[in-house]
Every structure is written in structure tokens, then in C-alpha cells.
Amino acid sequence: MTALLDHFRTAPRTVLSRIPLPGATGDDDVRRPLPVSGMLAAAWTLGVGLAVLTTLTLIGWIAAPRGTLDGGLPEVFRTAAQLWLAAHHAGFAIPGGSVGLIPLGLVALPAFLLYRAGIWMARDADLRLRLPARLPRNSPKEQANARRRAQLVLIAQAGVSLAAPYALLAGVVALVARNAITQPFLGEALVSHLILAFVAGALATVRAIGPWRVMPRLLPERLRSVAGGTAAALGIMLLAGALLVLGAVVAGFDEVRHLTDVLAPGVVGGLLLVLVQGLYLLNAFVWGMAYIAGPGFSVGTGTLIAPTGVQLGTVPSLPILGALPEAGPTPAWLMSVIAIPFVAGAVAGVVLVRIAPSPTYEGAPLWGFACGIATGCAAGALAALSGGALGGGRLVEMGPAAWEVMLSVTLETGVAAGISAGLANWWLIFRGHNTAVTRAAAKAASAAAPVRKAGAKLAMAAGSVTGRARAADADEHRALPGHWLDATECDTQPIPVIRDDWEDEHASAASEKPQRNRRPEPPRPPRRDIVDETDDKGGHVIYVDPYAWDRD
């Protein structure tokens, strides 16, 4: 089959390469557009899936008693088409009721085919060459964010390119599969095919453009942490539900074998019966998770299987239902399973904090409760998909109530996740291993570095100005090397002659005092306000008496 796909992939390119196209330089210029590759992948998936189910239906028709499928081969194909629609969880309308209890294990076939087709589509359109998953090291953050947004847009485009034609083809199959007894719900068929093909195509594109360990980084860190905590909590609860169901099957194996003997399906019928029960095993695991969460599940109107008690009535004669507990109160030790959702929530809180710690004490518990909300929504969706009607009458209610499971799981895991996330985040902050706090401190330090440098420069400038001001004050308060005579003494005493090398008593007294750690003073310029009358510069200096006005 892979070789056939490769042949379909290379044949159009071989033909196109022989046609001279303007501006074409190589194989990359003639590659198919993404919508065309998605349409071919959708048609291949539908064809292979219908071929597999038609083969199984034909085997069952041959082994079944006469009169089971009176329409012959056309009716065999309609039955295979109905099974294909049921594999996408599309319900049917039958006389007197409807069929909505679809085996979840049947979804594995179209999911696998769509995933493989999505990988082929991504490789055929060269999505990995268009947008590689990695950037060079030390790339700017803006460039990395732009690359992440472009990758998410490309993944969404690939999912739509596969889902849109796949849903249209499913509508055609739903119209062909109608008969006088079963009529598929067209709306459910379109929506279920669209969602499943989009998810499978997006995941296949993610895998095609990069490894799994790198592609989760496409999501923001906080959203990635919530998704990781939700996956951890939901996985623990589903694992506990699966162990509970398998333990019940082992404990009630005698009743299961008795119901199988009552049906007497034969060899081929027995194999088909085992196959059907294996496909419904995933539904049973979800029902076990609902039992652990507290609300439990029902196998008909007026029935309830929960940790608080068991109330049974007439149940379908499916051998796997022989593992149901007997009616009456539940043993006390079995009620301890209610603690499992709280344990799952505690683990989810720790996983959340390990992926994306919160820099504050109060932020982690809120994100932990948000993780519980996401877990409750996912559990409610699984509960809704695992249950449904199985005809009319008492079989209208089969499986758990989705809103009850969602509410219970949200409260149980949300409270436990909030407490554990708060404690784990406090421990990381207390021990100094909180990466969020470290990043915040690093950002604050890097942001404050220019301010610190500017403050240091201002301090240095202020220090230099202060030093200069102190030096100037010291120069002003220093004793002058001479005396000024009052104007009244000018009549009786001559103006003294003061030279630059003259020292007064103040200077001599200051020299006797111990010198403190003072900086050496620069050489002082000669005084210009004192005139030396003995030096007339050879008769070229005219002396003006400043006190002449007082003598008149």
C-alpha cells in the first residue's frame, strides 16, 4: 500500500516534469499544492477503510445464517459503510429508537489511516522544507515567536486540507448507507469526520515537520504545563479504570463464560463476538473511570453501578457484562477507589509546576485548579463518547452521565491539583529552584543594570563636584599673606611693601600645626591687587594713590 501511495505521489510529478513550464527550475516548482494532496489523502483513507470493513462484513455474511442480509452484496456494502460511519462515532436512527453506543475501539482504524495519510500529505507537499522545525541557535526571540506562529498556521492549514474533503466524502457515504431500517445522522457524520480528520492531520503534520520532543514547544509555556498536568491526571484515572475493569472480568470470568455458552455463536461468530467485545473494551475503561470518580454508570433505565451501591435490572446479554458486581451495597474496601482522583490531581499539580513554575505563591494554586477544570472537561467528553442509547425502551440510558463525571472530576482533581501545585511551587521558591523566580530576578537585574550604571556615574560626578567645592571653600578660608591697612592709617603710615615671598604670623602658626592628610596645593599665582612701589620698571610705571581722595 505504501508503494502504491509512492507511485501516486511520483507519477504526476514525472508527467509534469516533461511539460515545459515557464519559470520552472526543478522538482520543487511542480509540487502539488497542499489542498490537492489533502484531497488525495482523504480519498485514499476512505477507500482503504471501506475495503477493510467490506471484507470483514463479507466474512460475517458468509458465516451468518441465511436471511441475515437478504439484499446480497449491495446490502453488504451498505453495512460496511454504516460500520465506517460508526467508526467515526456517528449515530443511527432505527425504528423505535436510536443507536448511539458506538465502540470506541472502532475509532482506531480510521484514526490510524488518517494519521498515515496525513504524513503522506505533509511529505507530498514538502511541508518540512517549507518551514523547518528548528531555528539556528541564538536566534532573536521575535523571530522564534514568528516562526512558532507560522508553524501553527501551517499545521491548521494541513488539518483543514485533509478534513474538508474527508467530511464531504463522508456525507456521500452517509447518503449511500441509508436503508429502510437504519438511517445515519448526517450532521453527526459530517462533524465527527471533520474533527477526527483535522486532529489526525494536524498531529501527522506536527510529526512530519519535526520530532515529537521539539514540537510541544509550539504551545506557550503555561498552556503546555496545563496540558501536561491534564494528560497526567487523565492517564492515571484511565489506567485505574482499566485495572478495575480487568480485575472485575477476572473475578467474574465464570459468568462471562456462561453467557458466551448461552449465545452459542460458533467458531466464526465467536471470533466476531470477541472482536466486538474487544472494541467495546475502551468504553468499559471509561466507565471504570466514571466509577472511580463517584457518579458511576448505568446499563439501562433505573440501574446504577457506583461506589455507593449497585442497582441492577435486566441487562443486555453481552458476555462482558457478566463482570458487573451483584446488586446491593458495595464493600467498604472498594470505596477507597474514590481517593484515586485526588491522587491524580496531586500528581497533575506537581507536573504543572515542574513544567512552568509560578513566580508568586498565589498563582500556582489557581493554575492547578485550571488544570482540574481541563481534566474534568476531558473526562466529561470521554464519558459522553463512551455512552449512548442502544435502541429504545430501557436501553436508552447506557453509560455514565457526562455532566456528573465532568463536575466530579473537576472538583476532585482541581482541589488536589491546586493544593499540590501550591506546595510544590512554595518548595521550589523556598529552595531557590524556581526557574520562574530566577528568570524574573534576571530580568529585573538586567533592566536595573543601566540605572545602576547611571547612578554610579552621577555619584562619581557628585563626588568630584563636592571635592572641588570643598577645595574652593578651603582656599577662600585660607589666611591671606598680607595685611590691609585701614584708610585712616594712610596719613601717618606709609603703604607697606609686600612681596610674594613674605609670610605673616598666621602662615607661620599654621605651619607649626600637624599637617592632616591634605592634598598638595597647586602653585599660587602672584597677587595682582598689591603694587610693588620700589619697582618702577625703568620709569614706565605710573602709580596711582587709591587714597588720594581722602587727603583733600
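Here is what the cut-offs are and how they apply
- Residues numbered from 1 in each chain as written.
- Predicted model: local features only at pLDDT ≥ 70, side-chain atom pairs only at ≥ 80, totals over all residues.
- Heavy atoms only, no water.
- Core = buried A, V, L, I, M, F, W, Y, C linked by side-chain atoms within 4.5 Å.
- Buried < 20%, exposed > 50% of the residue type's maximum accessible area, 1.4 Å probe, protein only.
- Helix = DSSP H or I, 4+ residues; strand = E, 2+ residues; numbered from the N terminus.
- Contact = heavy atoms within 4.5 Å.
- Pairing = 2+ DSSP bridges.
- Expected span 1.5 Å × (residues − 1).
- Phe/Tyr/Trp six-rings, centres within 6.5 Å; stacked < 30°, edge-to-face > 60°.
- Axes fitted to C-alpha atoms, helices over the stretch in contact; angles between N-to-C directions.
- Parallel < 35°, antiparallel > 145°, perpendicular 65-115°, else oblique.
- Left-handed = near helix turned anticlockwise from the far one by under 90°.
- Nonpolar A, V, L, I, M, F, W, Y, C, P; charged D, E, K, R; others polar.
- Salt bridge = Lys/Arg side-chain N within 4 Å of Asp/Glu carboxyl O.
- Patch = residues over 30% accessible without salt bridge, like charges linked within 9 Å, V, L, I, M, F, W, Y side chains within 5 Å.
- Areas by Shrake-Rupley, 256 points an atom, 1.4 Å probe, with all protein chains shown as cover.

### A closer look at the nonpolar core
So, point 1. Counting 46 residues, the largest nonpolar core has Trp84, Leu85, Leu114, Met121 and Leu127 as its most contacted members.
So, point 2. Of all the elements in the fold, those that place two or more residues in this core are helix H2 (34-63), helix H3 (73-87), helix H4 (108-124), helix H6 (141-176) and helix H7 (186-209).
So, point 3. When neighbours within four sequence positions are excluded, Leu127 is seen to be in contact with Leu34, Ala122, Leu154, Ala158, Thr205 and Ile209.
So, point 4. Counting 22 residues, the second largest nonpolar core, distinct from the first, contains Met237, Met289, Ala421 and Ala424.

### A word on the sheet that holds strand S7 (residues 390-391)
So, point 1. With antiparallel pairing, 4 strands are arranged side by side in an open sheet as S3-S1-S2-S7. Each edge of the sheet is formed by a strand with only one pairing partner; in this case those strands are strand S3 (183-184) and S7.
So, point 2. Here strand S1 (residues 92-94) runs beside strand S2 (residues 97-99); their pairing, made up of 3 bridges, is antiparallel. What sits directly across from Ala93, in S2, is Ser98.

### Some points on H4
Since one α-helical turn is 3.6 residues long, residues separated by three or four positions face the same way.
So, point 1. For H4, built from 17 residues, the straight-helix expectation of 24 Å at 1.5 Å per residue is met to within 8% by its first-to-last C-alpha distance of 24 Å.
So, point 2. Listing the buried residues of H4 in full gives Pro110, Leu113, Leu114, Ala117, Gly118, Ile119, Trp120, Met121, Ala122 and Asp124.
So, point 3. In the stretch just after H4, Asp126 is the one whose phi turns positive, near 55 degrees.

### Remarks on the packing of aromatic side chains
So, point 1. Inspection of every chain in the model, using the stated rule, returns 2 aromatic pairs.
So, point 2. Judged by centre distance (6.2 Å) and plane angle (50 degrees), the rings of Trp426 and Trp427 are tilted.

### Observations concerning the packing of helix H8 (residues 221-251) against helix H12 (residues 340-355)
So, point 1. One way to put it is that H8 packs onto H12 with a least axis distance of 8 Å and a crossing angle of 155 degrees. Judged by the angle between their axes, H8 and H12 are roughly antiparallel. Along this stretch, H8 crosses H12, giving a crossing that reads as right-handed. Together, Glu221, Arg222, Arg224, Ser225, Val226, Gly228, Gly229, Ala232, Ala233, Ile236, Met237 and Ala240 of H8 and Ile340, Pro341, Ala344, Val347, Ala348, Val351, Leu352 and Ile355 of H12 make up the contact between the two elements.
So, point 2. In the contact of H8 with H12, the residues fall into 14 nonpolar, 3 polar and 3 charged.

### Looking at the environment of Pro329
So, point 1. Mapped onto the secondary structure, Pro329 falls in the loop between strand S6 (309-311) and H12.
So, point 2. In this structure Pro329 comes out as exposed when scored by relative accessible area, which is 79%.
So, point 3. Note: C-alpha distance between Pro329 and Pro307 (22 residues apart in sequence) is 8.5 Å.

### Some words on the pattern of salt bridges
So, point 1. Evaluation of the coordinates by the stated rule reveals 2 salt bridges.
So, point 2. Linking Arg78 and Glu75 is a salt bridge whose minimum nitrogen-to-oxygen distance equals 3.6 Å. Here Arg78 and its partner Glu75 are both found in helix H3, 3 residues apart, which amounts to about one turn of the helix.
So, point 3. What makes Arg78 partly exposed here is its relative accessible area of 30%.
So, point 4. Across the pair Arg257 and Asp254 runs a salt bridge, and its minimum N-O distance is 3.6 Å. Taken together, the residues Arg257 and Asp254, both in helix H9 (residues 253-263) and 3 residues apart, mark about one turn of the helix.
So, point 5. On the accessibility criterion, Arg257 (47% relative accessible area) is partly exposed.

### Quick word on the environment of Met215
So, point 1. For Met215, the position within the fold is in the loop between H7 and H8.
So, point 2. When its relative accessible area of 4% is taken as the criterion, Met215 is described as buried.
So, point 3. For Met215 and Gln151, which are 64 residues apart along the polypeptide, the C-alpha to C-alpha distance reads 9.6 Å.

### Structural notes on a nonpolar patch on the surface
So, point 1. Residues Val160, Leu175, Leu186, Leu190, Val191, Leu194, Ile195, Phe198, Val199, Leu203 and Trp212 make up a contiguous nonpolar surface patch of about 940 Å² in total accessible area.
So, point 2. Every element with two or more residues in the nonpolar patch is listed here: H6 and H7.
So, point 3. Among the elements that make up the nonpolar patch, the one with the highest residue count is H7 (8 residues).
So, point 4. Of note, Leu194 is situated in helix H7.
So, point 5. Look at Leu194 and you get partly exposed, because its relative accessible area is 39%.

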